[in-house]
Amino acid sequence: AVFSRRREKTTVSPFARGASFYSILLLFFIGGVAGDLAETIFCRLKMGWWMSRSSVVFGPFSIVWGLGCVLLTAILYQYRNRGKGYIFLFGTVVGGVYEYVCSVFTEIVFGTVFWDYSKVPFNLGGRINLLFCFFWGIVAVLWLCYLYPWLSGLIEKIPKKPGVILSWIMIIFMLFDMGISSLALCRYTERHTEEQEVTTAVDDFFDEHFPDERMKRIYPKAILRR
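Residues numbered from 1 in each chain as written. Predicted model: local features only at pLDDT ≥ 70, side-chain atom pairs only at ≥ 80, totals over all residues. Heavy atoms only, no water.

Some words on the overall build of the protein
Next, step 1: Regarding its fold elements, the protein presents eight helices and four strands.
Next, step 2: When its helices and strands are written in sequence order, the protein yields α-α-α-α-β-β-β-α-α-α-α-β.
Next, step 3: Counting the 226 residues in the protein, one finds 39% classified as buried.
Next, step 4: Relative to all contacts within the protein whose residues are 6 or more apart in sequence, the contacts with residues 24 or more apart total 70%.
Next, step 5: Surface exposure of the protein reaches about 13700 Å², of which carbon and sulfur atoms provide 68%. (Helix = DSSP H or I, 4+ residues; strand = E, 2+ residues; numbered from the N terminus. Buried < 20%, exposed > 50% of the residue type's maximum accessible area, 1.4 Å probe, protein only. Contact = heavy atoms within 4.5 Å. Areas by Shrake-Rupley, 256 points an atom, 1.4 Å probe, with all protein chains shown as cover.)

Structure, rendered in structure tokens:
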């Protein structure tokens, strides 16, 4: 009996052990899809029409929410026993700083602002506002106290080989999706901020497959900095 118990412990898949690379990766994908769907439903209820909230051109996925879930887990997990009030305050601050950095990064890299809270009370440069910072605090409590333990348990049950194969398929697809999305966004910005009489074959490809109409559907809230 002792031997069987030891054997059972040694056969636990490394894929599912603790905060491993693959576990964090799956949390990134789960958070990205869940965040995109949550924002889409929120916008539908608030404004009465469906709006894309995706960060990429293929599929419903929010990079901000995906990285946010990983960030909350990595930073706040060690404080999960401090109480929900502590987690809420810590999550409010961490979420606000994270959203501000994301706003600055996307504007510098892509020349595009994906959200603007200038008309919302208690905003900071239009990049963050107090209400949405509180939302991050609520998300931190829900994530650490309820969702993460449940999802972590499910991930630990995934067999090693199928889990590794699935993870690398998602990695390759996401790298491709993010690469195409970045190039499409850069070209979208160029069409409105630069005068180009001569275009390259790459420019022509993105002009044909990702015209302004399509980019506006994918990123309806994007504001181009001229």
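Quick notes on the side chain of Thr73
Next, step 1: As for its placement among the helices and strands, Thr73 is situated in helix α3 (residues 63-76).
Next, step 2: Not counting chain neighbours up to four residues away, the residues in contact with Thr73 comprise Leu27, Trp143, Leu144 and Tyr148.

Details of helix α4 (residues 84-110)
Next, step 1: An ideal rise of 1.5 Å per residue puts 39 Å on 27 residues; α4 measures up with 37 Å between its terminal C-alpha atoms.
Next, step 2: Buried positions along α4 lie against α3, β1 (112-113), β3 (128-129), α5 (130-156) and α6 (160-193).
Next, step 3: Positive backbone phi, at 65°, marks Gly111, one or two positions downstream of α4. (Expected span 1.5 Å × (residues − 1).)

Regarding the pattern of salt bridges
Proximity of charged atoms lets side chains of opposite charge pair with each other.
Next, step 1: Applying the stated criterion to the full structure yields seven salt bridges.
Next, step 2: Of the charged contacts in the structure, one is a salt bridge between Arg187 and Asp207, with a shortest N-O distance of 2.9 Å. In this pair, Arg187 sits in helix α6 while Asp207 sits in helix α7 (residues 201-209), placing the two residues 20 residues apart along the sequence.
Next, step 3: According to the relative accessible area criterion, Asp207 is partly exposed, its value standing at 25%.
Next, step 4: The residue Arg191 makes a salt bridge to Asp207 at a minimum N-O spacing of 2.7 Å. Taken together, the residues Arg191 in helix α6 and Asp207 in helix α7 connect sequence positions 16 residues apart.
Next, step 5: The network of salt bridges with shared partners includes Arg187, Glu190, Arg191, Asp203, Asp207 and Asp212. (Salt bridge = Lys/Arg side-chain N within 4 Å of Asp/Glu carboxyl O.)

Considering the nonpolar core
Next, step 1: Grouped together as the largest cluster of nonpolar side chains are 21 residues, with contacts concentrated most on Phe114, Phe210, Met215 and Tyr219.
Next, step 2: Ignoring any residue separated from it by four or fewer positions in sequence, one finds Tyr219 in contact with Ser54, Ser55, Val56, Val57, Phe114, Ser181 and Leu185.
Next, step 3: Counting 13 residues, the second-largest nonpolar core is a separate cluster that includes Leu72, Leu76, Trp143 and Leu144. (Core = buried A, V, L, I, M, F, W, Y, C linked by side-chain atoms within 4.5 Å.)

Section: the confidence of the model for the protein
Next, step 1: Counting all residues, the mean pLDDT for the protein is 86, and 89% of those residues have values of 70 or more.
Next, step 2: Taken together, the stretch residues 1-12 has pLDDT below 50 and engages in two contacts with residues farther than four places along the chain or on a different chain. (pLDDT = per-residue confidence, 0-100.)

Here we look at a nonpolar patch on the surface
Next, step 1: Together, Phe42, Leu131, Phe135, Ile138, Leu142, Tyr146, Leu147, Trp150 and Leu154 line one region of the surface with nonpolar side chains, adding up to about 880 Å² of accessible area.
Next, step 2: No other element matches the eight residues that α5 contributes to the nonpolar patch.
Next, step 3: Mapping Trp150 onto the fold places it in helix α5.
Next, step 4: What makes Trp150 exposed here is its relative accessible area of 54%. (Patch = residues over 30% accessible without salt bridge, like charges linked within 9 Å, V, L, I, M, F, W, Y side chains within 5 Å.)

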